[in-house]
Amino acid sequence: MAGEPQADCLFCKIVAGDVPATVVRQTETTVAFRDINPQAPTHVLVIPKAHYPDAATLAAAAPQLAADVLKEAGEVAAAEGAEAYRLVFNTGTAAGQTVFHAHAHVLAGRGLQWPPG
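Okay, so let's go over this structure.

Quick notes on the rules
Residues numbered from 1 in each chain as written. Predicted model: local features only at pLDDT ≥ 70, side-chain atom pairs only at ≥ 80, totals over all residues. Heavy atoms only, no water. Helix = DSSP H or I, 4+ residues; strand = E, 2+ residues; numbered from the N terminus. Rg over C-alpha atoms; globule rule 2.2 N^0.38 Å. Buried < 20%, exposed > 50% of the residue type's maximum accessible area, 1.4 Å probe, protein only. Contact = heavy atoms within 4.5 Å. Areas by Shrake-Rupley, 256 points an atom, 1.4 Å probe, with all protein chains shown as cover. Lys, Arg positive; Asp, Glu negative; His and termini not counted. Charge placed at Lys NZ, Arg CZ, Asp CG, Glu CD. Salt bridge = Lys/Arg side-chain N within 4 Å of Asp/Glu carboxyl O. Polar contact = N/O pair within 3.5 Å; in protein donor to acceptor, adjacent residues only side chain to side chain. Pairing = 2+ DSSP bridges. Axes fitted to C-alpha atoms, helices over the stretch in contact; angles between N-to-C directions.

This next bit is on the overall build of the chain. From N to C terminus, the chain includes three helices and five strands. Against the 2.2 N^0.38 benchmark of 13 Å for 117 residues, the chain shows a C-alpha radius of gyration of 13 Å, consistent with a compact globule. Counting only C-alpha atoms and orienting by the principal axes, one finds that the chain spans roughly 40 × 30 × 25 Å. The 117 residues of the chain split such that 38% are buried. The contacts in the chain between residues at least 6 apart in sequence include a share of 52% that link residues at least 24 apart. Entry remark: accessible area of the chain is about 6500 Å², with carbon and sulfur atoms responsible for 55%. Here the chain contributes 7 positive and 11 negative side-chain charges, whose respective centroids are spaced 6 Å apart.

Before going further, it helps to examine the environment of Ala 21. Counting through the fold element by element, Ala 21 comes out in the loop between helix H1 (10-16) and strand E1 (23-26). Put simply, Ala 21 and Ala 108 are 87 residues apart on the chain and 20 Å apart in space, counted from C-alpha to C-alpha. Ignoring anything within four residues of it in the chain, the contact list for Ala 21 reads Ile 14 and Phe 33.

In this section: the side chain of Asp 54. Along the chain, the position of Asp 54 falls in the loop between strand E3 (42-48) and helix H2 (55-61). Despite being buried, Asp 54 has no salt bridge partner; Lys 13 is the closest side chain of opposite charge, sitting 20 Å away. For Asp 54, the side chain forms a polar contact with the main-chain nitrogen of Ala 56, separated by 3.2 Å. When residues no more than four places from it in sequence are discounted, the contact partners of Asp 54 are Thr 91, Gln 97 and Ala 102.

Ordered by their spatial adjacency, five strands build an open sheet running E1-E2-E3-E5-E4, and the pairing between neighbours is antiparallel. At either margin of the open sheet sits one strand with a lone partner, and together these are E1 and strand E4 (86-88). The average angle at which neighbouring strand axes cross in this sheet is 20°, direction not considered. As defined by bridge partners, E1 adjoins strand E2 (residues 30-34) across three bridges and the pair is classed as antiparallel. Each residue of the ladder has a partner; that of Gln 26, found in E2, is Val 31. Contacting E1, E2, E3, E4 and strand E5 (104-108), helix H3 (residues 63-79) crosses the sheet at an angle of about 155° to E3.

Everything listed here is a matter of coordinates, which is why it stays silent on function.
Following this line, the structure appears as structure tokens:
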């Protein structure tokens with residue numbers, strides 16, 4: 001069920017404290033932690049504490065929570081000293097999503113030209 005913790009979800013385990021992560025910020029509704037395979041000098045994931053499989057599902061089912069994730073992403077960037085940053089939401093395997101718990105990648109600290117690569 002959307003919003004409920006999933007026993008097999010890595011990010012739900014991080015929220016529960018069962019899997020360690022380098023947490024940089026936490027709010028009542030979100031957790032932000034460093035990516036274990038950073039793609040930029042600053043690479044932090046911002047996740048809702050509630051489980052939603054992807055950003056589209058999160059936005060449709062819990063728009064205020066989706067807004068909390070976006071707001072917190074901006075707070076993370078500011079705390080990291082990033083004046084410019086990129087937010088990435090991968091939705092679906094073909095788009096590169098590997099953990100099926102909605103999350104925003106906050107990327108900064110190097111040139112981030114478009115398209116990425």
